[in-house]
Number of protein chains: 2
Amino acid sequence: MVGAETILRTLMNSGVDVCFANPGTSEMQFVAAVDRVPGMRPVLGLFEGVVAGAADGYARMADKPAATLFHLGPGLANGLANLHNAMRARSPIVNLVGDHATYHRPYASPLASDVAAYARPVSGWLRDNAEGRMLGADTRAAIAAAWEPPGQIATLLVPADCSWNPGGEPGAPVQRPSPRPAAPEGLERAIRALRAGERCLFLINGHSLRAEGLHLASRLAGHTGARFMADTFTARMERGAGLPVLQRFPRYPEQGVELLDGFDHLFLIETTPPVAFFAYPDQPSWLTPEHCLLHTLVEPGEDAVGALQALCEALNVPANAGRTAELSVPEPGTGALDPDSIAQTVASVLPEGAIVADEAITSRGSLPGMTAGCPTHDWLSLTGGALGQSLSAAAGAAIACPDRPVFCLQADGAGMYAPQALWTMVREGLNVTVLIYANRSYKILHNEWARLNLGQVGESARKLLDIGEPDLNWSHIARGMGMPAAQVTDAESLHRQLRTALEEPGPHLIEAIM
Amino acid sequence: MVGAETILRTLMNSGVDVCFANPGTSEMQFVAAVDRVPGMRPVLGLFEGVVAGAADGYARMADKPAATLFHLGPGLANGLANLHNAMRARSPIVNLVGDHATYHRPYASPLASDVAAYARPVSGWLRDNAEGRMLGADTRAAIAAAWEPPGQIATLLVPADCSWNPGGEPGAPVQRPSPRPAAPEGLERAIRALRAGERCLFLINGHSLRAEGLHLASRLAGHTGARFMADTFTARMERGAGLPVLQRFPRYPEQGVELLDGFDHLFLIETTPPVAFFAYPDQPSWLTPEHCLLHTLVEPGEDAVGALQALCEALNVPANAGRTAELSVPEPGTGALDPDSIAQTVASVLPEGAIVADEAITSRGSLPGMTAGCPTHDWLSLTGGALGQSLSAAAGAAIACPDRPVFCLQADGAGMYAPQALWTMVREGLNVTVLIYANRSYKILHNEWARLNLGQVGESARKLLDIGEPDLNWSHIARGMGMPAAQVTDAESLHRQLRTALEEPGPHLIEAIM
């Protein structure tokens, strides 16, 4: 068994049976080994950003790692932006990177590079396999490291000769890990503060944003008057009718400061202290005022549900203290397309079990409210701020959950960082409905321009802020990758196209011209 | 004057008047400053790979650096693969990367990253500007470092507060630098070996691949019987009628070993010792046999023309000792499209002064021979092996040389790593003819599979080697970015479309279905 096969069999032993890949010459042994390892599903991305983004989306929905396969330093480099997003989402990924053969590394061949240097910024765990017979153990260690709560990117560099030489026995299965219990000190402080009736905000991320955690949080809020909020950007949140509605922490620093001013305590659950997304002149980076005491209740990777349960028990919170959203589905929007009519129309069709991958600044505003009472669904956000993630994440989510409809809400500008994901959706026959918010501009940059009081946009600046001239035609781009596509300019047509996309199998793209 | 303006004015002072950019919030001050600095041309790329690849193509043709502008670590990461290619091409680039404000860096905001760690692998020079008032001096140092022969990537990290705070006086102009003279020892060795009639191979890259160096090399070859070859991949080579024909060093290691076996001396001119591109089992990485003595005649960044002139003088080489290609333009090809009929048809239309950016494995074979007698042109190759470069490099070359027609010979698989370059070509109205070799497969990987004796390609492996199912339709993709496009399936139609593309202004895409 050559080393590449040892790796693949070790992955299969632990249930890691999807490999998002963009291989090159140094990974040919992997490609050949895939034929010999039944059950391993290779998914090709035409660009490495798709590989990384899909592995992220997959991990968020499958609750287990996929493997990736990159070609040398430059191949990995193309995946780094979406690996950054995955790192911020704490997505477990077994990140395999082929390198030149060990004896070839010292030479200045065209593709030679310091692969570890490329990998380090995004990898919580990094190992360079320079001995083929250790591949079973190394791969097993990578799986365990990736999966260890809260999840991280574990990168294994595999020199080509380690892939083609004998690899030895595959590593034993890694058992699905459990989160560690939270430290009791945080719990005691929370109990004291809540009992004393002090003003408490609980900021939540991670696994506590699933139904069980949300219900516990809602009961605590109802019983104690404490406030619970989700982080501004979250890897995955369960939402919809029958679930508590959790508002998100505001995006801009002045809003965060104003909010926090009203609290005596800020308790962190699977997250870090809130800071500004960007710095602005005369705005703080750190948002928590001195009078608001900061406590870590649950570290990322600890058992948030257990901690919330313990709080409920200690405070005798009744089972029915929480509030949940009623089923409330709006009628489709009408007339011209704008963020509100699009939000209303999307909410009108969102089916039970939908997964929404959201990367459209335009989709904020009324969309969360419109969809709060829809049938239950999962919402995936852009966690790391690196644009060009959602198309790929949607593809990965659809592979993790083949029976669930996936929606991708994608801004036109952001989508152009990795449009190649459309091809993978077609290749794999994924049930993804891609909705492009086509405003032909970097809307986010116009917002930031205004926040920075930069005055009127001149002709040269406009060349960097607008993406018209020429207008993108996403329908053509989609057809170029084999995907059925339609352009719509009113809400009625959008509704019709959404219905069609949901009824027909396979991916569809709808370009909403705003 | 804010820091961003100080930077732009320093660039302008040294004639760096093109900035390929993909800005974000932390670079808004640059965007605003562009309006205040007349003459600075901002060129937007919708994906950072385009920014990097275009800066590379620009530098190769303009013989001076362009500036780039990237948004934080993940934005830079998206540009790294093409920066790797630019590094291998020794292209001078002033690589500006916005970072969070200095005081915001310590916080774990979503886009926070170690920008310097991302930049280091591709940067010959790296400085973190943490003091706005040094921006003039720092930018000037970056220009000087980038431009210093043989050229390199000089990265300046610019925290957002340095951009928005006062930046002080712009830096003084950097004068176009001259190459250093080569050390006399190499010259003396070459003279001795040539006089002794020993078998000498001169391997050339860099600036000696322009007309003057080529003529000198050809005279030396004609007079002494020594052999001159170009590296397998070169940043830029002048070719065509009236110029000497220089063959390239073979790509595969066994061919290189066989070639070198016939020489007593290998002299390097602006290059490094030949090594295998990839390692293969039972193939050497190092290609020069022990009996062939290795000498550095001209280091990269040294004056190769001066060294070749000195050789000619020392050996009394007559002015007419060289041989040059006769003007010889083939008739257009006929019938079905294959690499030969495409090569013949391209050669039949290649106009005087054309620039060819070549990233199609399929385009090798007969293409160099077919075009050797065409009107003079420049040939740009993929120097670093990271796919997805040529569309962007073609865009940059067209901006550097607005009066010259640019051809981009692009494989369909490789083109999908950065197809967004098409949009920039349309936005800027560039005279680029893009020829897509549509073989619907990673041809290079099929070749490598065969070299590795991996047997028959199974069903799973095929999913990673073929890019059909669905077939890409590059004509649709091009139209999606506003570019006129045509599909052709025979040489006559290809010829017609090439003529049309050359006659009409602006970019065109021709998809050659093979």
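Please read all numbers here as calculations on a predicted model, not as lab measurements.

Q: Break down the overall build of chain A for me, with residues and values.
A: When helices and strands are tallied, chain A shows 20 helices and 17 strands. Across its three principal axes, chain A shows a C-alpha extent of roughly 65 × 55 × 45 Å. Buried residues in chain A amount to 64% of all 514 residues. Considering only contacts in chain A between residues 6 or more positions apart, those separated by 24 or more positions represent 81%.

Q: Describe the interface of chain A and chain B, with residues and values.
A: Interfaces are frequently sized by the accessible area removed from exposure as the parts join. With 82 residues of chain A at the contact, the number on the chain B side is 82 residues. No other element matches the eight residues that helix H4 (residues 72-88) of chain A contributes to the side of chain A that touches chain B. Among the residues forming the side of chain A that touches chain B, the class breakdown is 50 nonpolar, 21 polar and 11 charged.

Q: Any details on the packing of helix H3 (residues 48-62) of chain A against helix H14 (residues 390-400) of chain A? Residues and values, ideally.
A: Residues and elements named next belong to chain A. Contact pair H3 / H14: the axes reach a minimum separation of 6 Å and the direction vectors enclose 45°. Taken together, the axes of H3 and H14 lie oblique to each other. With respect to the hand of their crossing, H3 and H14 are arranged in right-handed fashion. Counting all contacts with H3, which are made through Gly49, Val50, Gly53, Ala54, Ala55, Asp56, Gly57, Tyr58, Arg60, Met61 and Ala62, the residues of H14 involved are Ser392, Ala393, Ala394, Ala395, Gly396, Ala397, Ile399 and Ala400.

Q: Break down the environment of B:Ala319 for me, with residues and values.
A: Position of B:Ala319 among the secondary structure elements: in the loop between helix H11 (304-314) and helix H12 (339-349). In sequence terms B:Ala319 and B:His215 are 104 residues apart; their C-alpha atoms lie 9.3 Å from each other.

Q: Describe the nonpolar core, with residues and values.
A: Counting residues in hydrophobic clusters, the biggest one holds 364 residues, and the most contacted among them are A:Tyr58, A:Ala397, B:Tyr58 and B:Ala397. For B:Tyr58, the residues in contact, after removing those within four places along its chain, are B:Val18, B:Ala66, B:Gly396, B:Ala397, B:Ile399 and B:Ala400.

Q: Explain the relation of the copies chain A and chain B to me, and be specific about the residues and the numbers.
A: What relates the pair of chain copies is a rotation about an axis plus a shift along that axis. Overlaying chain A on chain B yields an RMSD of 0.0 Å, the required transformation being a rotation through 180° with an accompanying axial translation of 0.0 Å. Both copies are brought into coincidence by an operation consistent with a two-fold rotation axis. It is A:Ile477 whose C-alpha, among those of chain A, lies nearest the rotation axis, at 2.2 Å. Interface overlap between copies: 100% of the residues of chain A at the interface are likewise at the interface in chain B, consistent with a symmetric, same-surface contact.

Q: Give me the sheet that holds strand S12 (residues 354-359) of chain B: which residues, what numbers.
A: All names here are of chain B. Read from one edge to the other, the open sheet built from seven strands follows the order S9-S13-S12-S14-S15-S17-S16, with strand pairing classed as mixed. If you trace the sheet from one side to the other, it starts and ends with strand S9 (237-239) and strand S16 (485-488), each paired once. Each strand axis lies, on average, 20° off the axis of its neighbour in the sheet, ignoring direction. Note: strand S14 (residues 406-411) against strand S15 (residues 432-438), six bridges, orientation parallel. Bridging from a neighbouring strand, glutamine 410 pairs with isoleucine 436 of S15.

Q: Got a sec to walk through the domain arrangement of chain A? Specific residues and values, please.
A: Residue and element names in this part refer to chain A. Segmentation of chain A into domains returns domain 1 (3-164), domain 2 (184-314) and domain 3 (339-513). Put simply, the middle of domain 1 and the middle of domain 3, counted by C-alpha atoms, are 29 Å apart. Put simply, the parts of the chain that give the side of domain 1 that touches domain 3 at least two residues each are strand S2 (41-44), H3 and H4. With 11 residues, H3 is the single largest residue contributor to the side of domain 1 that touches domain 3. The class makeup of the residues in the side of domain 1 that touches domain 3 is 14 nonpolar, seven polar and three charged.

Q: Break down H14(A) for me, with residues and values.
A: Within H14(A), 11 of the 11 residues are buried, leaving the element largely enclosed by the surrounding structure. Buried within H14(A) we find A:Ser390, A:Leu391, A:Ser392, A:Ala393, A:Ala394, A:Ala395, A:Gly396, A:Ala397, A:Ala398, A:Ile399 and A:Ala400.

Q: Could you give an account of the sheet that holds strand S7 (residues 200-204) of chain A, naming the residues involved and the relevant values?
A: Residue and element names in this part refer to chain A. Pairing within the open sheet is parallel, and its four strands lie in the order S8-S7-S10-S11. Of all the strands in the sheet, just strand S8 (227-230) and strand S11 (293-298) have a single pairing partner and so form its edges. Between one strand axis and the next, the sheet turns through 25° on average, direction left out of account. In the sheet, S7 pairs with strand S10 (residues 265-269) via five bridges, with the strands oriented parallel. Note on S10: the bridge partner recorded for leucine 203 is leucine 268. Against the sheet, helix H8 (residues 184-195) contacts S7, S10 and S11, and its axis sits at roughly 125° relative to S11.

Q: How would you sum up the pairing of S2(A)? Please name residues and give values.
A: Residue and element names in this part refer to chain A. Pairing geometry for strand S1 (residues 18-21) and S2, over four bridges, is parallel. Note that in S2 the partner of phenylalanine 20 across the bridge is valine 43. A crossover links S1 with its parallel partner S2, the connecting element being helix H2 (residues 28-34), and its sense is right-handed.

Q: Quick rundown of the environment of B:Trp449? Include the residues and the values.
A: Tracing the backbone through its elements, the reader meets B:Trp449 in helix H17 (residues 443-451). Residues B:Trp449 and B:Leu465 lie 16 residues apart in sequence; the distance between their C-alpha atoms is 9.3 Å.

Q: So what about the packing of helix H9 (residues 211-224) of chain A against helix H11 (residues 304-314) of chain A? Which residues, and what values?
A: Residues and elements named next belong to chain A. Interhelical geometry of H9 versus H11 gives an angle of 25° and a closest axis separation of 9 Å. By the criterion of interaxial angle, the relationship of H9 to H11 is roughly parallel. When you trace H9 past H11, the crossing you get is left-handed. Here H9 contributes Glu212, Gly213, Leu216, Ala217, Arg219 and Leu220 to the contact with H11, which in turn contributes Ala304, Val305, Leu308, Gln309, Leu311 and Cys312. When its residues are assigned to classes, the contact of H9 with H11 shows eight nonpolar, two polar and two charged.

Q: Give a description of the confidence of the model for chain A that names residues and reports values.
A: Detailed reading of the predicted coordinates is not advisable wherever pLDDT falls low. For chain A, per-residue confidence averages 96 on the pLDDT scale, and residues scoring 70 or more make up 100% of the total. Scored as a whole, the predicted complex attains pTM 0.98, and scored at its interfaces, ipTM 0.97.

Q: Just give me the short version of unusual backbone geometry, but keep the residues and values in it.
A: All names here are of chain A. Following proline 149, the chain continues into proline 150 via a peptide bond in cis, with omega recorded as 10°. Structurally, the position occupied by proline 150 is in the loop between helix H6 (135-147) and strand S6 (153-159). Note the cis peptide between glutamate 469 and proline 470, where omega equals -5°. Structurally, the position occupied by proline 470 is in the loop between helix H18 (459-465) and helix H19 (474-480). In the Ramachandran plot, glutamate 469 falls in the positive-phi region, its phi being about 55° despite a non-glycine side chain. Along the chain, the position of glutamate 469 falls in the loop between H18 and H19. Accessibility expressed as a C-beta count within 10 Å gives 13 for glutamate 469, which makes it partly exposed.

The rules behind each value
Residues numbered from 1 in each chain as written. Chains lettered and ligands numbered in written order. Predicted model: local features only at pLDDT ≥ 70, side-chain atom pairs only at ≥ 80, totals over all residues. Helix = DSSP H or I, 4+ residues; strand = E, 2+ residues; numbered from the N terminus. Buried ≥ 20, exposed ≤ 12 C-beta atoms within 10 Å, placed from the backbone. Contact = placed C-beta atoms within 7 Å. Nonpolar A, V, L, I, M, F, W, Y, C, P; charged D, E, K, R; others polar. Axes fitted to C-alpha atoms, helices over the stretch in contact; angles between N-to-C directions. Parallel < 35°, antiparallel > 145°, perpendicular 65-115°, else oblique. Left-handed = near helix turned anticlockwise from the far one by under 90°. Core = buried A, V, L, I, M, F, W, Y, C linked by C-beta atoms within 7 Å. Least-squares fit on C-alpha atoms with pLDDT ≥ 70 in both. Pairing = 2+ DSSP bridges. Domains from an automatic or database assignment. Right-handed = clockwise from strand over helix to strand, strands pointing away. pLDDT = per-residue confidence, 0-100.

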